[in-house]
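A closer look at the structure
The primary structure of each chain is shown beneath.
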Amino acid sequence: MVAFNGRNQSGMDADKVSRFRDIALMELKRAERYRNFLSLLVLNLSEFLSTAGRRKIDSREEADKFMESLVDRVKGGARETDLISGLYSARLVMLLPETDRSGAGVAAERFQDLLSEFLSDFLESDYRFDVPLEITSFPEQSGKKHFQNRLSNLFVRG
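Residues numbered from 1 in each chain as written. Predicted model: local features only at pLDDT ≥ 70, side-chain atom pairs only at ≥ 80, totals over all residues. Heavy atoms only, no water.

At 3.6 residues per turn, the α-helix brings residues three or four places apart onto the same side. Taking 1.5 Å as the rise per residue, helix α4 (residues 101–123) with 23 residues should run 33 Å; its terminal C-alpha atoms sit 32 Å apart, in good agreement. When α4 is considered as a whole, its buried residues turn out to be Ala104, Gly105, Ala107, Ala108, Phe111, Leu115, Ser116, Phe118, Leu119, Ser120 and Leu123. Of the surrounding elements, those touching the buried residues of α4 are β1 (38–44), α2 (46–50), α3 (60–75), β3 (91–97) and β4 (133–138). (Helix = DSSP H or I, 4+ residues; strand = E, 2+ residues; numbered from the N terminus. Expected span 1.5 Å × (residues − 1). Buried < 20%, exposed > 50% of the residue type's maximum accessible area, 1.4 Å probe, protein only. Contact = heavy atoms within 4.5 Å.)

The following block contains the structure:
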């Protein structure tokens, strides 16, 4: 849901959310047309933000700033062609063009390590944080429809 100021209820810029969705759908069409791989990683930070993160994040503005810093850190470890965005201040989504499921698994491990390091630094702790992760890839046996459904579900607030 978008409020009058162009931001949805959780504070995320609606234009950024729409842009990510549009690019992801375009990349899916491109992958289908040229028979390329495409993977989507979704890292769910809601548990961290509702537990340990609450110690340092007291407002929507601080949550947005945290997500911006996190996205910037992850972009530093990504390829130029990867698209990375915060989504609803609780998820980090990454679109990996020309990456099959196996390659997405390798990237996921690398990004989870980077995230764990970032979260530990943020809380000034030695604890290793495990962030829940989902990988969706095209083509898979489940096909294009599954990938499209996964994308659509990311943009539905429940």
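Right, let's get into unusual backbone geometry. Here the residue pair phenylalanine 138 and proline 139 is connected by a cis peptide bond, since its omega of -10° sits within 30 degrees of zero. Residue position: proline 139 is located in the loop between β4 and α5 (143–154). The residue glutamate 98 is not glycine, and still its phi comes out positive at about 55°. Residue placement: glutamate 98 occurs in the loop between β3 and α4. Taking the relative accessible area as the measure of exposure, glutamate 98 reaches 60% and is therefore exposed. For glutamate 124, which is not glycine, the phi torsion reads 55° and is therefore positive. By the secondary structure assignment, glutamate 124 is in the loop between α4 and β4.

All right, on to the packing of α3 against α4 then. Two numbers describe how α3 lies on α4: the axes approach to 10 Å, and their chain directions differ by 140°. Taken together, the axes of α3 and α4 lie oblique to each other. The interaxial crossing formed by α3 with α4 has right-handed handedness. On α4, the residues touching Phe66, Ser69, Leu70, Arg73 and Val74 of α3 are Phe111, Leu114, Leu115, Glu117, Phe118, Leu119, Asp121 and Phe122. The residue makeup of the contact of α3 with α4, split by class, is nine nonpolar, one polar and three charged. (Axes fitted to C-alpha atoms, helices over the stretch in contact; angles between N-to-C directions. Parallel < 35°, antiparallel > 145°, perpendicular 65-115°, else oblique. Left-handed = near helix turned anticlockwise from the far one by under 90°. Nonpolar A, V, L, I, M, F, W, Y, C, P; charged D, E, K, R; others polar.)

A few words now on the sheet that holds strand β2 (residues 83–87). The sheet built from four strands is open, its strands ordered β2-β3-β1-β4 with antiparallel pairing. In this open sheet, the two edge strands, each paired with only one partner strand, are β2 and β4. Adjacent strand axes in the sheet meet at a mean angle of 15° when their direction is disregarded. One ladder, built from seven bridges, connects β1 with β3; its direction is antiparallel. Each residue of the ladder has a partner; that of leucine 41, found in β3, is methionine 94. Across the sheet, α4 lies against β1, β3 and β4, angled at about 155° from β4, the strand it touches most. (Pairing = 2+ DSSP bridges.)

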